[in-house]
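Below, each chain spelled out in residue letters.
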Amino acid sequence: MRTNLLFLVVSCLFYFNCAICANDGLIYYNPILPGYHPDPSICRVGDDYYMVNSSFEWFPGIPIYKSKDLVNWKLIGYGISRPGQADFLPGLKDANGIYAVTIRYHKGIFYLITTSVQGGGNFYITATNPAGEWSDPVWLDAPGIDPSLFWDDDDRCYYVGQGFLGKSSDMKWPNQRGAWIQELDLKQRKLVGPRKQLTYGHAANASHTEGPHLYKVNGKYLLLVSEGGTGFYHAITQHYSDSIWGPYIPSHINPVLTHRNLGKDYPIYAIGHADFVETQNNEYWMVALGKRRFGNYTYLARETFLVPMKFETIYGETSLTVNGGIGRVLERQNRPNLPWHPYESIPVRDNFDSSKLDLKWNFLRTPLVVWHECKDGMLEMKLRPEVADSLVNPSLIGQRLQNIKFRIATSMNFRSQKQNEEAGIIIYRSSNAYIKLTRVCDSIVLSIKRRGKKDKIETMACRYGDTIDLAAVSDGKNVSFFVNQRRFKTTVPLSIISDEEGSRFNGPYVGVYATSNGQNSMKTVSYDWFDYEELK
């Protein structure tokens, strides 16, 4: 009996895996956008798909990706790409700035609508080419965050926002939020008419209901929201109405997708903040944020996951269901029924051969003065008083960290006899959490800021000339550091930049950094190349 039972279990697991992975050539792997890519929103125009993410205090803001197959994505531009458009000024706190963005397309025009927290509130921008440039913002008098747009059959446009429209004293439970609606007059470029609350979420004690998106499916209005907060309790729920103004009735199968019921040991968690798209082949696919736990740590922040969905009628009620027969997000799954369209892979080495930085590079807050230049195959940066542990725009240029096992390296030309002047490489999460390896006078200094406290870890004498190579290598738990291939004795835990120790909203970056630590300087640093490589 025991042998037969064991055989049955093994057989079930075998056939389950075969059903998911029937043809390894047709498999995709989650997340589809690894690393710091929270709050995805998606739309389709013909055979092309476009997706955007939150970007918080980083500039350029609102990364825009393009795909043909929903799996392979290429960064094509940014919604916020120039100073003066929607600046992220000094003093902007960590993880403030651009919150959740919605992308929509209507009659030849692309729309991005979002919130700049601590930077002006809710606004939308437009473009005829999603690669940009995009228009200056149209600011709207609207409370809350996470705005979305919806066009009804009569061509009227509606703003769907997040928040509690009543008095805080009227809240029936802690952190009660919801979704509300108001017409948006695109000619007058302002909200008009009545404003109405639509839902507070599915559960009677739903907290932080947010990320609303409105659709029309089979003649009914579908309101998709997230609730539970963007952490372990995150969940996606659906609500239906015969009228755009409601009432919106929660679906009986809610939550439509969540991982909170899978417990703390499941490696993918915090699934929520979803948007979906119908393909040209009449399939439906949902994108959602999620987090991956590696051991006890979440190193890569909120990432973008892809999952199939469809509409089913159960007991006379039509609802969307996600990953039928499975009900959760998988690490690998059969890919969409679309022509496979991979893009050219990004080279490990950036030689800075162009007069402009590659799109992958970002700045902390908006650079209001010019302090870097790509010239003669070198990236040159000025040393400035601004530092990485302040809410400013320091001389720091980074790209998203997408793997826990990685190698970064650079060849740097820099030497100074002033103790306040330093330059090197950095692994950065926030002004309170980073790891840096820099040259200071005739030393190489490995230092960290952990939970808001700075500390020097190790110093190595540097008897080399002006040009040195710096590198950092992560094994997925600890980071080792090298100068001209000479290894530091001490390793640093990667957990410094994790959700658990660093920040739960924005995400980790790696890049180059220079500063004169509060004093004026005429010094510059030159980087010949920069490597970012995933290690297996």
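Our subject is the structure that appears above.
Predicted, not measured: the structure shown is a model, and the values here were computed from it. (Residues numbered from 1 in each chain as written. Predicted model: local features only at pLDDT ≥ 70, side-chain atom pairs only at ≥ 80, totals over all residues. Heavy atoms only, no water.)

### Focus: the sheet that holds strand S27 (residues 362–364)
No. 1: In spatial order, the strands read S4-S27-S30-S40-S32-S33-S34-S35; together these eight strands make up an open sheet with antiparallel pairing. Among the strands making up the open sheet, the edge pair consists of strand S4 (58–59) and strand S35 (453–461).
No. 2: As paired elements, strand S33 (residues 433–440) and strand S34 (residues 443–450) share seven bridges and run antiparallel to each other. Across the sheet, Leu437 pairs through a bridge with Leu446, a residue of S34. (Pairing = 2+ DSSP bridges. Helix = DSSP H or I, 4+ residues; strand = E, 2+ residues; numbered from the N terminus.)

### Let's talk about the layout of surface pockets
No. 1: Computed from the structure, the largest pocket encloses a volume of approximately 1700 Å³.
No. 2: What lines the largest pocket is a set of 43 residues, and nearest its centre among them are Pro34, Trp73, Ser345, Ile346 and Gln402.
No. 3: Broken down by secondary-structure element, the contributors of at least two residues to the lining of the largest pocket are strand S1 (27–29), strand S5 (61–67), strand S6 (74–80), strand S26 (349–350), strand S30 (395–400) and strand S41 (524–534).
No. 4: Tallied by class, residues from the lining of the largest pocket come to 24 nonpolar, seven polar and twelve charged. (1 Å grid on protein atoms, 1.4 Å probe; cavity = no way out; pocket = protein on both sides within 12 Å on 5 of 7 lines; lining within 4 Å. Points joined across faces, edges and corners; volume = space filled by probe spheres on them. Nonpolar A, V, L, I, M, F, W, Y, C, P; charged D, E, K, R; others polar.)

### Some details on unusual backbone geometry
No. 1: A cis geometry characterises the amide bond from Gly132 onward to Glu133, with omega recorded as 10 degrees.
No. 2: Take Glu133: it is sitting in the loop between strand S10 (121–127) and strand S11 (138–140).
No. 3: Look at the link from Gly246 to Pro247: it is a cis peptide, with omega at 5 degrees.
No. 4: With respect to the helices and strands, the residue Pro247 is situated in the loop between strand S18 (235–241) and strand S19 (249–250).
No. 5: Phi at Ile62 takes a positive value of approximately 65 degrees, unusual for a residue other than glycine.
No. 6: Mapped onto the elements of the fold, Ile62 is located in strand S5.
No. 7: A residue is classified by how much of its surface remains accessible, and Ile62, at 0% relative accessible area, is buried.
No. 8: At Asn175, a residue that is not glycine, the phi angle is positive and equals roughly 60 degrees.
No. 9: Assignment of secondary structure puts Asn175 in the loop between strand S13 (157–162) and strand S14 (179–185).
No. 10: Owing to a relative accessible area of 35%, Asn175 belongs among the partly exposed residues under this scheme. (Buried < 20%, exposed > 50% of the residue type's maximum accessible area, 1.4 Å probe, protein only.)

### Quick notes on the pattern of salt bridges
No. 1: Going through the model one piece at a time under the given rule, you end up with 28 salt bridges.
No. 2: Across the pair Arg82 and Asp136 runs a salt bridge whose closest N-O atoms are separated by 3.0 Å. With Arg82 in the loop between S6 and strand S7 (97–98) and Asp136 in the loop between S10 and S11, this pair connects stretches of sequence that are 54 residues apart.
No. 3: The exposure class of Asp136 is partly exposed, given its relative accessible area of 45%.
No. 4: Across the salt bridge formed by Asp389 and Lys449, the nearest N and O atoms sit 3.9 Å from each other. Of this pair, Asp389 sits in the loop between strand S29 (378–382) and S30 while Lys449 sits in strand S34, placing them 60 residues apart in sequence. An identical accessibility class is assigned to Asp389 and Lys449; each is buried.
No. 5: Salt bridges here are not isolated pairs; linked through shared partners, they connect Arg349, Arg407, Asp531 and Glu533. (Salt bridge = Lys/Arg side-chain N within 4 Å of Asp/Glu carboxyl O.)

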